[in-house]
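Examination of the molecular architecture
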Amino acid sequence: ISEGMPEAKAAGPACSQVVAAHDATSDGRLYHARSLDWDKLDYLLDYPVIFVRQPSDGIPHAYIGFPGNLSPYSGMNAEGLSVASDEADPLDNGEQSRTGRSHVQMQAMLLKSAHSLDEAKAFIQSQEHMSTEITVVADGISKQAAVFEMTAKHLGIRELANGVVYATNHFVAPETVNADKEPVAESSQLRFDRLAQLADPEG
């Protein structure tokens with residue numbers, strides 16, 4: 001029987017997200033773009049599937065995924081909230097826990113229950129976290145968005161600045177910047193820098 005957390009794995013998915021709104025877009029609307037890039041799994045891109053859920057005790061919502069995908073890596077609900085995740089690697093096993101709530105489970109609960117970014121933020125802040133993850137939540141009604149950088153011990157929140165916020169696969173918030181793997185993966189840093197060039201009004 002193994003004890004503790006498994007050792008850190010090799011580099012995982014290369015996910016990128018950007019949210020732009022207000023003066024950062026040509027029409028002032030909010031846009032949430034997300035790229036799910038899982039190497040060597042071409043069928044994810046070849047066979048996109050939208051899973052529609054209509055819970056009797058919650059908000060209708062959809063997962064945007066692929067065959068066999070039951071996890072809400074990307075989704076949106078009928079209240080105008082979009083939610084998606086980017087994987088992050090912990091600095092060490094001390095940033096993870098075997099108790100608490102998984103971030104995939106939390107995203108499912110957000111899609112089912114959250115009516116606004118404020119409700120999503122309150123829920124995320126109230127939870128006991130298990131692993132390292134980056135979750136982006138965008139509120140199309142209030143035109144607000146935030147990146148939540150999470151470990152079992154730390155939570156960093158980055159909101160729209162000049163109408164833009166973006167994330168790849170590493171932490172940059174002051175509360176979490178030292179909580180994931182060092183050095184930052186070259187791919188993640190390059191994608192982050194590219195988003196700054198493409199999305200920032202000053203880019």
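Model, not experiment: these values are computed from the prediction. (Residues numbered from 1 in each chain as written. Predicted model: local features only at pLDDT ≥ 70, side-chain atom pairs only at ≥ 80, totals over all residues. Heavy atoms only, no water.)

**Describing the environment of Thr-151**
Turning to its location among the elements, Thr-151 is positioned in the loop between β8 (144–150) and β9 (155–159). Among the residues examined, Thr-151 registers a relative accessible area of 1% and is labelled buried. Sequence separation between Thr-151 and His-103 is 48 residues, and the spatial gap between their C-alpha atoms is 9.6 Å. Here Thr-151 is in contact with Glu-95, His-129, Ser-131, Thr-132, Phe-171 and Ala-179, once residues within four sequence places are set aside. A distance of 2.9 Å separates a polar atom in the side chain of Thr-151 from the backbone nitrogen of His-154. (Helix = DSSP H or I, 4+ residues; strand = E, 2+ residues; numbered from the N terminus. Buried < 20%, exposed > 50% of the residue type's maximum accessible area, 1.4 Å probe, protein only. Contact = heavy atoms within 4.5 Å. Polar contact = N/O pair within 3.5 Å; in protein donor to acceptor, adjacent residues only side chain to side chain.)

**Some remarks on the sheet that holds strand β4 (residues 61–65)**
Spatially, 7 strands are ordered β3-β4-β5-β6-β7-β8-β9 in an open sheet, and the strand pairing comes out antiparallel. Since the sheet does not close on itself, it has two edges, and those belong to β3 (49–53) and β9, each with one partner. Neighbour-to-neighbour, the strand axes of the sheet open up by a mean angle of 20 degrees, direction not taken into account. One ladder, built from 5 bridges, connects β8 with β9; its direction is antiparallel. Bridge pairing in β9 places Phe-148 opposite Ile-157. In this fold helix α3 (residues 117–126) packs onto β6 (81–87), β7 (133–139), β8 and β9, with an angle of close to 15 degrees to the strand it touches most, β8. (Pairing = 2+ DSSP bridges. Axes fitted to C-alpha atoms, helices over the stretch in contact; angles between N-to-C directions.)

**Focus: helix α4 (residues 186–199)**
An α-helix turns once every 3.6 residues. As a result, residues three or four positions apart point the same way. With 14 residues, α4 extends 20 Å from end C-alpha to end C-alpha; this agrees with the ideal 20 Å at 1.5 Å per step. Among all positions in α4, only Ser-188, Arg-191, Phe-192, Leu-195 and Ala-199 are buried. Burial along α4 is one-sided: seen end-on, the buried residues are contained in an arc of 100 degrees. For α4, exposure combined with an orientation more than 90 degrees from the buried face picks out Glu-186 and Leu-190. Buried residues belonging to α4 abut β1 (16–20), β9 and β10 (164–167). (Expected span 1.5 Å × (residues − 1). Arc of directions from axis to C-beta.)

**Comments concerning the nonpolar core**
Membership of the largest hydrophobic core comes to 16 residues, with the highest contact counts inside it found for Leu-110, Ala-120, Ile-124, Val-137 and Phe-148. Listed by contribution, the elements that provide at least two residues to this core are β6, α2 (103–113), α3 and β8. Leaving out residues up to four positions away in the same chain, Ile-124 has contacts with Met-106, Leu-110, His-129, Phe-148, Met-150 and Leu-155. (Core = buried A, V, L, I, M, F, W, Y, C linked by side-chain atoms within 4.5 Å.)

**Considerations on the sheet that holds β10**
Reading across the sheet, the 3 strands line up as β2-β1-β10 and stay open at both edges, with antiparallel pairing between neighbours. Either end of the sheet is taken by a strand with one partner, and the two such strands are β2 (31–35) and β10. Strand-to-strand twist in this sheet, taken as the mean axis angle between neighbours without regard to direction, amounts to 5 degrees. Sheet analysis places β1 next to β10, joined by 4 bridges and oriented antiparallel. Bridging across to β10, Val-18 finds its partner in Tyr-166. Running over the sheet, α4 touches β1 and β10 and is turned about 160 degrees from β10.

**Focus on a nonpolar patch on the surface**
A grouping of Ile-50, Val-52, Ile-64 and Met-76 is seen on the molecular surface, where their side chains present a nonpolar patch of about 400 Å² in accessible area. Of note, Ile-50 is situated in strand β3. (Patch = residues over 30% accessible without salt bridge, like charges linked within 9 Å, V, L, I, M, F, W, Y side chains within 5 Å. Areas by Shrake-Rupley, 256 points an atom, 1.4 Å probe, with all protein chains shown as cover. Salt bridge = Lys/Arg side-chain N within 4 Å of Asp/Glu carboxyl O.)

Remember, this is a structural readout, not a statement about activity or role.
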